[in-house]
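If you want the building blocks of each chain, they are given just below.
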Amino acid sequence: MFSKVSISGVIAASVVIAGWAMGSAAWAQAPAPAPGTTAAPPAAPGPSKAAYEVAGFRGARFGMDEAQVRAAIQGDFQAKPEAIRLVPNAMERTTALIVSLPTLDPGPGPASVVYILGYQTKKLIQVNLVWSQNAAADKTDGGPFLVAGVQLANYFNGFAWRDGKVSMGVPAGPNTLLLFAAEDAKTGAVQVIVDGVTLENKGGKVETKPQRPGSLSLRVSYIADRLKPDIFKLEPGKF
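Values in this document were obtained by computation on a predicted structure and should not be read as measured data.

Parameters and conventions
Residues numbered from 1 in each chain as written. Predicted model: local features only at pLDDT ≥ 70, side-chain atom pairs only at ≥ 80, totals over all residues. Heavy atoms only, no water. Helix = DSSP H or I, 4+ residues; strand = E, 2+ residues; numbered from the N terminus. Buried < 20%, exposed > 50% of the residue type's maximum accessible area, 1.4 Å probe, protein only. Contact = heavy atoms within 4.5 Å. Areas by Shrake-Rupley, 256 points an atom, 1.4 Å probe, with all protein chains shown as cover. Pairing = 2+ DSSP bridges. Axes fitted to C-alpha atoms, helices over the stretch in contact; angles between N-to-C directions. Phe/Tyr/Trp six-rings, centres within 6.5 Å; stacked < 30°, edge-to-face > 60°. Salt bridge = Lys/Arg side-chain N within 4 Å of Asp/Glu carboxyl O.

Examining the overall build of the protein
Alright, step 1. When helices and strands are counted, the protein shows 2 helices and 14 strands.
Alright, step 2. The 239 residues of the protein split such that 46% are buried.
Alright, step 3. Across the protein, contacts joining residues at least 24 apart in sequence account for 63% of those joining residues at least 6 apart.
Alright, step 4. Accessible area for the protein stands at about 12,000 Å²; split by element, carbon and sulfur atoms hold 55% of it.

In structure tokens form, the structure reads like this:
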């Protein structure tokens, strides 16, 4: 059964950072905010907040090679070696190690953890946590995805980030909400995105609402280098 979820006052927006698109083996750029919307002014971090450094996810740390990442996956999730899939990305010439999990808190239901190895270094450059659901019913419930996303956004907002680099409060379209994005003091970044959730504004209160069959997803991305990601790009002047 669909349950409406009010998100007024707690949604957050994201900066534009490349992310791994599940199912198509390609990088998907995060959508820009909808025309006419603006991000809420970032609040200065409180004195009690600890600084967050984006260094990886659990035992997998940025800069690890494939063997080290595989070992970290097995250690973190007790995954068998054959459960780790190797998926190439032809567009960016990167490689992803993907493990599927029956559950991963706080997200709703099964999840995939995607570890991306860079084009030139072959070292870990990004980790995506993806919860997804292909809806087959006439009406689907995006509420659990949104609730989990807000929980994650609140968690990350409890840390101190680089001044002026936390965006909050901007839907990125009718079905995509960029809940949180921030940059650390070095080159790292994190973002939380929920996609496939229909939103409506009722008297100043933003709520999810029933929608047509489709795909729902929640993604958390940890990015090692937001400035110069290790992906293939055509050099200027080549053509």
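What to know about the sheet that holds strand β11 (residues 189-195)
Alright, step 1. Spatially, β5-β6-β7-β8-β14-β11-β10-β9 is the arrangement adopted by the 8 strands of the open sheet, whose pairing is antiparallel. Here the strands that pair on one side only, and so sit at the sheet edges, are β5 (84-89) and β9 (166-167).
Alright, step 2. Packed onto the sheet, helix α1 (residues 66-77) meets β5, β6 (94-101), β7 (111-117) and β8 (124-134) and runs at close to 10 degrees relative to β6.
Alright, step 3. Against the sheet, helix α2 (residues 143-156) touches β8, β10 (176-183), β11 and β14 (215-223), its axis set at about 15 degrees to β14.

Digging into the packing of aromatic side chains
Alright, step 1. Here the structure, examined in full by the defined rule, presents 11 aromatic pairs.
Alright, step 2. Between the aromatic rings of Tyr 52 and Trp 161, the centroid separation amounts to 4.9 Å while the plane-to-plane angle is 20 degrees, which identifies the pairing as stacked. One end of the pair, Tyr 52, is in the loop between β2 (26-29) and β3 (56-57); the other, Trp 161, is in the loop between α2 and β9, and 109 residues separate them in sequence.
Alright, step 3. Judged by relative accessible area, which is 16%, Tyr 52 ranks as buried.
Alright, step 4. Given a relative accessible area of 7%, Trp 161 falls into the buried group.
Alright, step 5. Among the aromatic residues, those joined into a ring-pair cluster are Tyr 52, Phe 57, Phe 77, Tyr 155, Phe 156, Phe 159, Trp 161, Phe 180 and Tyr 222.

Quick notes on the pattern of salt bridges
Alright, step 1. With the rule as written, the count across this model stands at 5 salt bridges.
Alright, step 2. Glu 53 is the partner of Lys 186 in a salt bridge, and the nearest nitrogen-oxygen pair spans 3.2 Å. Taken together, the residues Lys 186 in the loop between β10 and β11 and Glu 53 in the loop between β2 and β3 connect sequence positions 133 residues apart.
Alright, step 3. The residue Arg 70 makes a salt bridge to Glu 66 at a minimum N-O spacing of 3.0 Å. On the criterion of helical spacing, the pair formed by Arg 70 and Glu 66 is a turn pair, its members being 4 residues apart in helix α1.
Alright, step 4. Residue Glu 66 is classed as partly exposed on the basis of its relative accessible area, which comes to 30%.
Alright, step 5. Connected through salt bridges with shared partners, the residues Arg 162, Glu 183, Asp 184 and Arg 226 form a single ionic network.

Here's the deal with the environment of Val 197
Alright, step 1. Relative to the elements of secondary structure, Val 197 occurs in the loop between β11 and β12 (199-202).
Alright, step 2. Along the primary structure Val 197 and Leu 146 are separated by 51 residues, whereas in three dimensions their C-alpha atoms are 7.7 Å apart.

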